[in-house]
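So the chains spell out like this:
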Amino acid sequence: MISLSITVRALLCMKIDILTIFPRMFEGPFAESLISKASRGKILKIGIVDIRSFSKDKHKKVDDRPFGGGVGMVIKPEPLYYAMRSVGVRGKSSFYKGSSVYRRPYVVYMSPQGKTLDNEIIKNLAKLEHLVIICGHYEGIDERIVNYIDGEISIGDYVLTGGEIPAMVLTDVVVRMLPGVVKERDSIENDSFYKGLLDCPHYTRPAVFRGHKVPEVLLSGNHKKIYEWCEKEAYRRTKERRPDLLKK
Ligand code: SAM
């Protein structure tokens, strides 16, 4: 059942809907590189949903003062809720019976208080058919929206102005995991963190740059030796820079 669902997923296009009050922020970043290529093919469909267009207020207001006082504004629950419904959210997501694949859509809220994004989370999100990402702003979103989301994801222990840049980060890292997006699967699997190690160093022409030489083995044409060198370098770097990864 698990492999069947994943096979079916591989044939389907992944849908990512991003709910934001600043839709124009996505125009530039999503018009370039892998995300743009994947959305032009049959691998990915991205929807940018303007939460403001679901505001019933005549001035299209989406935020209000916090109950209990204090500084800053909070994103109101109603426009966000209706924006979520517009992309098919009806409640929390659930697993397809007996599989590791989620019934769509799966909703995440980008939040500094969420689980810190890592490769395990990314690999799981990349199996989804439909991911909905909520971007907060100001002091955040009304807490009652938590009743309709499946998880909160942070991109690190610092606070950004809004969830738009975190949503771009999440989209980028999930999309590059989708089958067919990065041509050479090996290049993803050799990347830092995929197998719990950092990547080995990379070089290109010229073989000598201002007196700095490329390691001899890389010019040897001996693929077995090159592979062994890369493995050794990846391990050495990880030990030197991120010993915590080796402990895991
Ligand atoms: N008052 C909130 C707190 O301290 O937890 C921070 C609000 S922040 C100024 C506004 C929005 O930016 C958040 O609702 C969230 O969507 C986004 N955001 C900020 N930092 C983030 C992070 N490290 N990871 C993910 N999203 C973040």
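Residues numbered from 1 in each chain as written. Predicted model: local features only at pLDDT ≥ 70, side-chain atom pairs only at ≥ 80, totals over all residues. Heavy atoms only, no water.

Q: Please clarify how the layout of surface pockets should be interpreted in this entry.
A: Over the atoms rolls a probe the size of a water molecule, and its path tells where empty space is left. Space inside the largest pocket adds up to approximately 750 Å³. In terms of lining residues, the largest pocket is bounded by 28 residues, among which Asn 190, Asp 199, Cys 200, His 202 and Cys 230 are the most central. When residues in the lining of the largest pocket are grouped by element, the largest group, seven residues, is from helix H8 (residues 223-241). Classifying every residue of the lining of the largest pocket gives 15 nonpolar, five polar and eight charged. (1 Å grid on protein atoms, 1.4 Å probe; cavity = no way out; pocket = protein on both sides within 12 Å on 5 of 7 lines; lining within 4 Å. Points joined across faces, edges and corners; volume = space filled by probe spheres on them. Helix = DSSP H or I, 4+ residues; strand = E, 2+ residues; numbered from the N terminus. Nonpolar A, V, L, I, M, F, W, Y, C, P; charged D, E, K, R; others polar.)

Q: Can you walk me through helix H3 (residues 33-40) in this structure?
A: Owing to its 3.6 residues per turn, the α-helix brings residues three or four apart onto one side. Among all positions in H3, only Ile 35, Ser 36 and Ala 38 are buried. Projected onto a plane normal to the axis of H3, the buried residues spread over an arc of 165° and lie on a single side. In H3, the exposed positions that point more than 90 degrees away from the buried face belong to Ser 33 and Arg 40. Against the buried residues of H3 lie helix H2 (27-30), strand S2 (44-50) and helix H6 (164-175). (Buried < 20%, exposed > 50% of the residue type's maximum accessible area, 1.4 Å probe, protein only. Arc of directions from axis to C-beta. Contact = heavy atoms within 4.5 Å.)

Q: Is there a simple way to think about the site of the ligand in this case?
A: In the vicinity of the ligand, 21 residues are found, and the nearest of them are Tyr 109, Met 110, Gln 113, Tyr 158 and Leu 160. Here Ile 155 contributes a backbone N or O atom positioned 3.1 Å from a nitrogen atom of the ligand. Elements supplying a minimum of two residues to the shell around the ligand: strand S5 (106-116) and strand S7 (151-154). Top contributing element to the shell around the ligand by residue count: S5, with five residues. Grouping the constituent residues of the shell around the ligand by class yields ten nonpolar, ten polar and one charged. (Near = heavy atom within 4 Å. Polar contact = N/O pair within 3.5 Å; in protein donor to acceptor, adjacent residues only side chain to side chain.)

Q: Help me understand the domain arrangement of the chain, please; the structure alone is not making it clear to me.
A: Note: interface size is frequently given as the accessible area lost on complex formation between the parts. One can read the domain layout of the chain as domain 1 (14-175) and domain 2 (190-247). Here the C-alpha centre of domain 2 lies 36 Å away from the C-alpha centre of domain 1. (Domains from an automatic or database assignment.)

Q: Before we go on, may I ask you to explain the sheet that holds strand S1 (residues 14-20) in this structure?
A: Strand pairing in a sheet takes place through backbone hydrogen bonds and is either antiparallel or parallel in direction. Across the sheet, five strands lie side by side as S2-S1-S6-S5-S7; this open sheet has parallel pairing. Looking at the sheet topology across the chains shown, the edges are occupied by S2 and S7. Between one strand axis and the next, the sheet turns through 30° on average, direction left out of account. Against the sheet, H6 makes contact with S1, S2, S5, strand S6 (130-135) and S7, and its axis sits at roughly 175° relative to S1, the strand it touches most. (Pairing = 2+ DSSP bridges. Axes fitted to C-alpha atoms, helices over the stretch in contact; angles between N-to-C directions.)

Q: What is the right way to look at a nonpolar patch on the surface in this model?
A: A surface patch of nonpolar side chains, amounting to about 520 Å² of accessible area, comprises Phe 22, Met 25, Tyr 138, Tyr 158, Leu 160 and Ile 165. Its location among the elements puts Tyr 158 in the loop between S7 and H6. The exposure class assigned to Tyr 158 is partly exposed, which follows from its relative accessible area of 45%. (Patch = residues over 30% accessible without salt bridge, like charges linked within 9 Å, V, L, I, M, F, W, Y side chains within 5 Å. Areas by Shrake-Rupley, 256 points an atom, 1.4 Å probe, with all protein chains shown as cover. Salt bridge = Lys/Arg side-chain N within 4 Å of Asp/Glu carboxyl O.)

Q: Got a minute to help me understand the side chain of His 137 in this structure?
A: Among the secondary structure elements, His 137 is positioned in the loop between S6 and S7. Within polar-contact distance, the side chain of His 137 engages the side chain of Glu 164 at 3.4 Å. Leaving out residues up to four positions away in the same chain, His 137 has contacts with Ile 21, Phe 22, Ile 75, Thr 161, Gly 162 and Glu 164.

Q: How do you make sense of the nonpolar core when you look at a structure like this?
A: Note that soluble globular proteins tend to have their nonpolar side chains buried in a common cluster. Leu 125, Leu 131, Ile 133 and Leu 170 are the most contacted members of the largest nonpolar core, which totals 32 residues. Elements with a contribution of two residues or more to this core: S1, H3, S5, helix H5 (119-125), S6 and H6. Per-element tally for this core: the top contributor is H6, with five residues. Beyond its immediate sequence surroundings of up to four residues, Leu 131 is in contact with Met 14, Lys 15, Ile 16, Asp 17, Tyr 106, Val 108 and Leu 125. Of all hydrophobic cores here, the second largest spans 18 residues; its members include Leu 19, Leu 80, Val 132 and Ile 149. (Core = buried A, V, L, I, M, F, W, Y, C linked by side-chain atoms within 4.5 Å.)

Q: Looking at this model, I keep getting lost on unusual backbone geometry. Mind explaining?
A: What you tend to see is this: most non-glycine residues have negative phi, and most peptide bonds are trans. The residue after Arg 205, namely Pro 206, is reached through a cis peptide bond having omega 5°. With respect to the helices and strands, the residue Pro 206 is situated in the loop between helix H7 (185-189) and strand S8 (208-209). The backbone of Lys 60 shows a phi angle near 60°, a positive value even though the residue is not glycine. As for its placement among the helices and strands, Lys 60 is situated in the loop between S2 and strand S3 (63-64). Unusually for a residue other than glycine, Phe 193 sits at a positive phi of about 80°. You can see Phe 193 is positioned in the loop between H7 and S8.

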